[in-house]
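Inside the fold
Next come the chains, spelled out residue by residue.
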Amino acid sequence: MEALEKPEPEAGPREEGEGERPAAPVRRRGRTAALIASAAALGIVAGGCVGYVVQAGRAPTKLPPLSQPVLRQGNGAVPLLSAAEDRQVKTDGDLRELLLPKPRGAHDENIGDDGWMDLEEYATWSEHPGSVFHYALQSQLRRVAATGWRIGATYSVEIRLVQYRQEQTTGARDHVRDQENWVGNRPGTDSRPVPGAGDGMAYVGRRPRSEPGYVPMYQAEAYASRGDLVMEMWITDTEPVSEKKIVDLAKRQVGRL
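Please read these numbers as outputs of a predicted model, since none were measured by experiment.

1. Looking at the side chain of Gln219
- Residue position: Gln219 is located in strand 7 (residues 218-226).
- Reaching out from Gln219, the side chain makes a polar contact with the side chain of Glu221 at a distance of 3.0 Å.
- In this structure Gln219 touches Arg186, Tyr203, Val204, Gly205, Arg209, Trp234, Ile235 and Thr236, once residues within four positions along its chain are discounted.

2. What to know about the nonpolar core
- Formed by 29 residues in total, the largest nonpolar core has its most connected members in Val157, Ile159, Ala222, Met231, Met233, Ile235 and Ile246.
- Listing elements by their share of this core, those giving two or more residues are strand 3 (141-151), strand 4 (155-164), strand 6 (201-205), strand 7, strand 8 (229-237) and helix 6 (243-254).
- Looking at which element gives the most residues to this core, the answer is helix 6, with 5 residues.
- Leaving out residues up to four positions away in the same chain, Ile159 has contacts with Leu99, Leu100, Ala145, Ala146, Thr147, Trp149, Glu232, Met233 and Gln253.
- In terms of nonpolar packing, the next biggest core, distinct from the first, is built from 20 residues, Ala123, Ala136, Val162 and Tyr203 among them.

3. Some details on unusual backbone geometry
- Phi at Asn110 takes a positive value of approximately 55°, unusual for a residue other than glycine.
- Relative to the elements of secondary structure, Asn110 occurs in the loop between strand 1 (107-108) and strand 2 (116-117).
- Despite not being glycine, Gln166 has its phi angle at roughly 55°, a positive value.
- Note that Gln166 resides in the loop between strand 4 and helix 5 (171-183).

4. Some remarks on the packing of aromatic side chains
- In the structure shown here, the tally under the stated rule is 3 aromatic pairs.
- For the pair Tyr203 and Tyr223, a centre-to-centre distance of 6.4 Å together with 55° between the ring planes defines the contact as tilted. A residue pair is termed long-range when its members are at least 10 positions apart, and Tyr203 in strand 6 and Tyr223 in strand 7 qualify at 20 residues. Here Tyr203 and Tyr223 have matching classes, each one buried.
- Judged by centre distance (6.1 Å) and plane angle (90°), the rings of Tyr223 and Trp234 are edge-to-face. With a gap of 11 residues between them, Tyr223 in strand 7 and Trp234 in strand 8 connect regions that are remote in the sequence. Per residue, the accessibility class of Tyr223 equals that of Trp234, and both read buried.
- Chaining the aromatic ring pairs together yields one cluster made of Tyr203, Tyr223 and Trp234.

Rules behind the numbers
Residues numbered from 1 in each chain as written. Predicted model: local features only at pLDDT ≥ 70, side-chain atom pairs only at ≥ 80, totals over all residues. Heavy atoms only, no water. Helix = DSSP H or I, 4+ residues; strand = E, 2+ residues; numbered from the N terminus. Polar contact = N/O pair within 3.5 Å; in protein donor to acceptor, adjacent residues only side chain to side chain. Contact = heavy atoms within 4.5 Å. Core = buried A, V, L, I, M, F, W, Y, C linked by side-chain atoms within 4.5 Å. Buried < 20%, exposed > 50% of the residue type's maximum accessible area, 1.4 Å probe, protein only. Phe/Tyr/Trp six-rings, centres within 6.5 Å; stacked < 30°, edge-to-face > 60°.

Spelled out as structure tokens, the structure:
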């Protein structure tokens, strides 16, 4: 069977003067290039042989021993931490005992069920319940202990200790960072670090917050994380709340964790 021939492409219309235009020259690999390549290959082979001869003539380098010296074990038993020194004993116990006590003469705000808040209540008390509920589930919220009190007719304090399981995520630290991005960028808000609280920050609103049917209230808040715990704190009053008041109270609460 005869091989099929490939048809020649039809020539298109030729412009005027195109027949006189020379074609682009095609560069070919000549004999000079082949000689240069062969010389380079021989140089590489020769260099490798010389290197091998030089290395073979040198004295062998001693290698370090595979076995390392055995470290001596200290004498005596390591003293165990007491319950007061072991922080995990405190945080795995009753979180309500770590909350600041109610001041003398203050009225209890009765937050939560006997000092505990379930997930639904915790999310409902937020400005954005849906976002808080989703974050709590995603970050493996473990439990929330809360307390609060009121002094006089308008001054009130609320404190929460939020604990995360932290098996897959750093829920406590991420929680504080999210609040820093949200509250710290709120217009008319001053911020200040809480001494001794690591990532602790206090935020004081210079403008009162008002809602229809309610008296305008000033608010200050603080957040800090320690291990798997997050401290949340709010102070509200009809008068501006000073930075010193919220920072001192937050510092005392973090010191109990």
